[in-house]
Structures are given as C-alpha cells and as structure tokens.
Amino acid sequence: MNQKADKDHTSEKRDHSVFEADIEGQAMNLQYLKRIAGWVGPHKRLAMVSIILVVLASALAVLMPVLLSRVVVDGILMDSPNSLLPDFGLFQLNQWVQQFTGFSEIAAACIVYGSFTLICHTLYHLHRVSLARVVLFSLRDMRQDLFAHMELRPSSFYDRVAIGRVMTRITNDVQALIELLMGLGALIGQFVPFFIALFVMFAINAELTLHLLGAIPAFIIATYFFRQATRKVYRLIRNTVSQLNQNLQENLSGMQVVQLSNRETLNLQVYQGINDGNRKHEFHAVTLESAYGATMDNMVNLALAVIIWVGGGAALQETISLGSVILFTYFIDMFIQPIRVLGHQYNILFRAMASAERIFQALDWDESVEEPSHPKKMLIERINGHLEFKNLTFGYESGQPVLHDVSFEIAAGEKLAVVGPTGSGKSTLIRLLGRFYNFQRGTIFLDGTDLLDIHSRDIRQRIGVVMQDFHIFSGSILENITLGNPNISDKDGIKAAHAVNADTFINSLPEGFQTQLVERGQNLSQGQRQLLAFARVLAANPEILILDEATASIDTETEQLIQNALKIIMKGRTSILIAHRLKTIQEADRILVLKNGKVKEIGTHEELIANKDVYYTLSQLQFQDVTSKDRKSLS
Ligand code: ADP
C-alpha cells in the first residue's frame, strides 16, 4: 500500500497567487541570463560564428571611413600622406590594387571602398541571420519545454490558475525573450565598432578623442531620463492594450447576452473610455520619442561643431590633417548609435527580465500528480475492471473534505449509477478514479491493485470518460474520434461512429468524416456532440466507462439515439454513470446515492425506492424526465 498517513488527506496546499501576481519590470538578473543561456548552449558554435562575423564586419565598417579620410582626402586629394598617422595598411593596399589593375589612384580607392562595403554588409547580413537562427532555435526549444511542462501540471494547478496567465507565459513572455536576445545581438553589433572606432581615434588624435568622450555622459544622462519617462508610458500602454483585449473578448463571446439586454451603447461607452486612454498614452509616447530623437540629433550636431572648432583649428595650424578631422565627423555616429540602441534596449531588458521571471516560475512549478516509484505494470491485454473504493476521504482545500470515508465496490462489468444533489461529490469521485488529484487517505483498487501503485498513464488507458462537455480539438470529425491515437485506425473510428449511430449525421455533413470542426464545435448540436463523445470512447475501447451525463435537455428523438448508443458503449464494460435522467438511471444495475460527500444508499432502483430515503425524494424532485406515469410508479 502506498498510503501516506502522515500527510493531509487533501490535494497539496500551494500558494497559487504568486502565479497570478503581476510581475512588472525587473532589474537585470545575471542568474536569469545564465539560465536562458542553457537553451542557447546546443547552438553555441553558431553563436560564436555570429559573434566573429560581427567583429569582422565592424572592423571593416571602421576601416571604410579611414580609407576615405586618410587615403582619399589626405593621401590623394591633399597629397600629404602624413606617414606618422596610422592608416592601417590601407595606403599599401590601395597602391597594390592600383598596380594590379593599372587604374588611377582614385579609381583604385573606389574599388577598395566598394569591395569593403560589399563584404562588410554581407558579413553583417550573415551575422544577423546566424544570430536569428540561434535565438529562434533556442527559444523554440524553450517554448516546447514550457508547453511540455504545463501539460504535466495536474488539475489542482489549473483549478487555481487562470488559463490566460499560462498562455501569456508560453506565448508573449517567450516572445519578449526573443526581442531581448535579438536586442543583445544588436548591441554587440553596435559596441564592437564603438570600441574599434575609439581605438582608431586615440591612435589618430588623443586630444580630440577626449573632447568627444567628454560629451558621452551628456548623451547617457539624456537617454537615461528619457527612458525612465517612456518606461512608465509604455507600461500604461500595455495595460490599456490588455484592457482593450479583455473587454473585447468579454463582449464578443457574450454577444448574445449583450444584444438581448440592449447593452450595446453602454458597452461601447466603456470601450471608448479605454480606447481613448490608450490613444492618450500612445500620443504621449510618440511625443517623448520624438523629443528624444530631436535632442539626440541636436547633441550630435553640437559634438560635430566641437570637432570643427577644435579639429578645424588644429588643421589650420597643421597639427592634424584634414582627413583626420573628416574621420572624426564620421565616427561621431559610431559613438552615439550604441547609446541610442542601449536606451532602446533598456525598456526591452526590463520587460524581458520580468518575462524571464514568469517563465522560470512556471518551469519551476513542480506540482504534479504523485506517481509510484515502482509502478506495477498492467501487462494483461484486458483487465476485468473490478473496482473497490475503500475509506476514501478527500478535499480540494486543506481541512475541507468533500468526500468522507467513501467505500463501495463495483463488480467487473457492472453498471453503477451515481446520483445525488449538486455538490455532493459525484464528479470528485470520478476525478479521483482518473488520478487527476493526489489523495492520501483511503484508496481505490482496480482489479485488486492499489491505484496509487499504478502509473496514471496506465490507469487512464483503461478508463474512457464521457464528460458533460465534449472537448473538440481543431481538426476533422474523424481526427476528433481517433484523437491521433496510433492504435486506433481511421477504420476503427468510422466503425465506432457507426456503432453509436453517429454516422447518420456525420455523413449528411458536406465533407462527412473529413468535415473540419470549428473552435468549440458550435456547428454541432448538443446531441451530436454527445454521440461523437460516445464514438470517441468506443474507438478507444477501454475496460471502464465513466459517463458524466449532460444536463442540457435534448429532443426526444436524439434522446432515443443517445440512450441506444449508451447501451452499446456500456456493453461489457464496468460503468459508472453520473446520471441525471431517469432513463439512464434505469439502465444501471445498481444506484449509489451520495449526499454531502457520504454514501447514503446503494442498491437497485427497487430497493432504494422501497427505502423511501434520499433516492426516493430525488427521484420525485430532480430527475429531469420523470413523467407523470413514472412518478406514479415511483411513489
Ligand atoms: P457534484 O459533481 O456532485 O456536483 P463535485 O464533486 O463537483 O459535486 O463537488 C463537490 C464539492 O467539491 C463541492 O462543494 C464543490 O464546490 C467542491 N469542488 C468541486 N471541484 C472543486 C475544485 N476543483 N476545487 C475546489 N473545490 C471543488
């Protein structure tokens, strides 16, 4: 036995509110970056290639202005190649090209410049493509890991966490990381030329370089303050966008209620309010961005004026060549651009850190259905399907049991109807049988084996569940019956549909079994969905059947179809029916009455009627289609 007497009898107690909490911008967290690097790891060779490519491209990007200013302006146009100033071998290269081609000096310079720019931009392109490849592959894997992880979280997790939150983590948060990693790549592409340019500038004229460096703090401070301001505005924009989405979703999905209650004008007003708030914040952001752009452009031009002032003066006194002054004006952009990009990345970085925190929180969420350490294999082709519930006590919340000491047995092949008032614990009973929750007090035996000693996967293979709501996956009708199970052929699926008489309506559809089902299956009636659910179970051919009967009323003709189909799928299977209709209850061999989580009565219909207790009252009050004739026979 796998009983854990020291544990509470509830499912695990966890604080799910942390999953719901808003995580806003986070500071830079190296730990997170290290973890993200874990997904980049398998692609690290390509990442290295990408970095080498950007270094080479940047070196060429810096050499191009050197060629123009030192070789063309100083060497050719001014005819004063100051040999003391570095030219990084470009003079010699130019001379070599000149000799090789037999062209003029200036034509050779054009060829060198043209080749440089071609190679430089090809390298940049290859860098960006390889970087994108690394980032997209890594985060595809991360998204897959997240999906796989969330697939294994148990029902107790999804009971408490909004699906929207989980979706955001898998979709938007990973997207934010894509932006971050791409952005970090862009930063490398900016900072490498920055440092190479700095090195070249110091080599040419240290004094002028220091003047320029003096301006950098001003750029950084301006960028910092603008980004602080825009960060707040962008947060407000994101909030209004998600409010717009939420409002839209609520209104569209409840359109019938909206129209029936004539709420169109009122709802439009609410939407207008949020929409206008969004406009205001967007406008604020555009204004700030424009002001920032203008300020930066002005500062660049001021720096240019400083170069002309200081550099031009030095050129007049011939302490610096004209080409060097021109070179400095070229390098200004290489100086400022990284700060601009860094400023832009600043917001992305904060948002991405919050996203990383949310992703890792989800990945680290280890709540799961407890599996046995040495699971007993159910190797036999077909089990008998004998079930015994023994002293089962369970609650979703600590200290609030909803099932109390439930004990009963179902013989192999027996059909048991479970009835009881709403909230009496009927669904909970079958959820525990499906191993959707952990339970510690009491247990369930399947053919004499403790359910807790069998892997949940093996149990679920033996159990077919027809829920009230037939869940439809996007795809054809046939795919919705076979569910992509390799053990179920298309032929089996069609045969199952035929057996439950679902094929009549399926064949009348334009594309028969290949008809695509729309989201939520709204092109199918309630009765048709129920028949499809039966076909799905029949195709899977489990030994145990659980039916949570739909409460919605169906027309008499469909009702007859469903009752016939029910008989067919119950045949030869141990069946537990959470029944609402008298007809279904009458199909059962015995009836179990649950009340407040306790077994009140168990026996045949006749026995329970004779008891004149809960079942008797329920049968008079609640069962949906108790006709006057039935009423008489019951009383
Ligand atoms: P029934 O199927 O008989 O209507 P349930 O088994 O659904 O009853 O519910 C039994 C009790 O457990 C109810 O009080 C219900 O509020 C509570 N309950 C059901 N599902 C959950 C859940 N996922 N989380 C917390 N409490 C639940």
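Calculation criteria
- Residues numbered from 1 in each chain as written.
- Predicted model: local features only at pLDDT ≥ 70, side-chain atom pairs only at ≥ 80, totals over all residues.
- Heavy atoms only, no water.
- Near = heavy atom within 4 Å.
- Polar contact = N/O pair within 3.5 Å; in protein donor to acceptor, adjacent residues only side chain to side chain.
- Helix = DSSP H or I, 4+ residues; strand = E, 2+ residues; numbered from the N terminus.
- Phe/Tyr/Trp six-rings, centres within 6.5 Å; stacked < 30°, edge-to-face > 60°.
- Pairing = 2+ DSSP bridges.
- Contact = heavy atoms within 4.5 Å.
- Axes fitted to C-alpha atoms, helices over the stretch in contact; angles between N-to-C directions.
- Salt bridge = Lys/Arg side-chain N within 4 Å of Asp/Glu carboxyl O.
- Buried < 20%, exposed > 50% of the residue type's maximum accessible area, 1.4 Å probe, protein only.
- pLDDT = per-residue confidence, 0-100.
- 1 Å grid on protein atoms, 1.4 Å probe; cavity = no way out; pocket = protein on both sides within 12 Å on 5 of 7 lines; lining within 4 Å.
- Points joined across faces, edges and corners; volume = space filled by probe spheres on them.
- Nonpolar A, V, L, I, M, F, W, Y, C, P; charged D, E, K, R; others polar.

### Section: the site of the ligand
If you check the shell around the ligand, you find 13 residues, and the closest are D159, G423, K426, S427 and T428. Side-chain polar atom of D159 to a nitrogen atom of the ligand: 2.8 Å apart, as the coordinates give it. A distance of 2.9 Å is found between an oxygen atom of the ligand and a backbone nitrogen or oxygen belonging to K426. The biggest single contributor to the shell around the ligand is helix α12 (residues 426-433), with four residues.

### Topic: the packing of aromatic side chains
Working definition: an aromatic ring pair is given by the centre-to-centre distance plus the angle between the planes. All told, the structure shown has 14 aromatic pairs when counted by the stated rule. On the basis of an interplanar angle of 50° and a centroid distance of 5.6 Å, the ring pair of Y32 and F360 is categorised as tilted. Separated by 328 residues along the polypeptide, Y32 in helix α2 (residues 30-40) and F360 in helix α11 (residues 322-363) bring together distant segments of the chain. Between the aromatic rings of F191 and F195, the centroid separation amounts to 6.3 Å while the plane-to-plane angle is 35°, which identifies the pairing as tilted. Residue F191 and its partner F195 are both found in helix α7 (residues 163-204); the two are separated by four residues, about one turn of the helix. One aromatic cluster in this structure is built from Y32, W39 and F360.

### A few points about the sheet that holds strand β1 (residues 387-394)
Overall, antiparallel pairing links the four strands, which are arranged β2-β1-β4-β5 in an open sheet. Strand pairing shows two members of the sheet lacking a second neighbour, β2 (403-410) and β5 (449-450), which therefore form its edges. Packing against the sheet, α12 makes contact with β1, β2 and β4 (441-446), and its axis sits at approximately 115° to β1.

### A short note on the pattern of salt bridges
Under the defined criterion, the tally for this structure stands at twelve salt bridges. Residue D74 pairs with R70 through a salt bridge whose shortest N-O separation is 2.4 Å. Taken together, the residues D74 and R70, both in helix α3 (residues 44-77) and four residues apart, mark about one turn of the helix. Comparing D74 with R70, the two get one shared label, buried. Here R227 makes a salt bridge to E289, at a shortest N to O gap of 2.9 Å.

### Here we look at unusual backbone geometry
Phi angles above zero are rare outside glycine, and N262 is one such case at about 50°. Topologically, N262 is positioned in the loop between α9 (255-260) and α10 (264-316). With phi around 50°, D447 is a residue other than glycine that occupies positive phi space. You can see D447 is positioned in the loop between β4 and β5. Residue classification places D447 among the partly exposed residues on the basis of a relative accessible area of 27%.

### Some details on the sheet that holds strand β9 (residues 544-548)
On the basis of which strands lie adjacent, the open sheet formed by six strands has the order β6-β9-β10-β3-β11-β12 and mixed pairing. Here the strands that pair on one side only, and so sit at the sheet edges, are β6 (463-466) and β12 (598-603). For this sheet, the mean inter-axis angle between neighbouring strands, taken without regard to orientation, is 15°. Pairing between strand β11 (residues 590-595) and β12: five bridges, direction antiparallel. Across the sheet, the residue bridging to I591 is G603, located in β12. The strands touched by α12 are β3 (415-419), β6, β9, β10 (574-578) and β11; relative to β10, the strand with the most contacts, the crossing angle is about 145°.

### Description of the confidence of the model for the protein chain
Confidence in the prediction for the protein chain averages 84 pLDDT; 92% of positions are at 70 or higher. Under a pLDDT of 50 for its full length, residues 624-635 has, in the predicted model, 19 contacts with residues more than four places off or in other chains.

### Here's the deal with empty space enclosed by the protein
Under the counting rule described, the total for this entry stands at four cavities of 30 Å³ or more. Here the second largest cavity defines a volume of roughly 40 Å³. Surrounding the second largest cavity, Q530, F534, L547, E549, I562, Q563, L566, R581 and T584 form its lining. Among the secondary structure elements, those contributing two or more residues to the lining of the second largest cavity are α17 (526-540) and α18 (556-570). Looking at the lining of the second largest cavity, the element that brings in the most residues is α18, giving three residues. Taken together, the residues that form the lining of the second largest cavity break down as four nonpolar, three polar and two charged.

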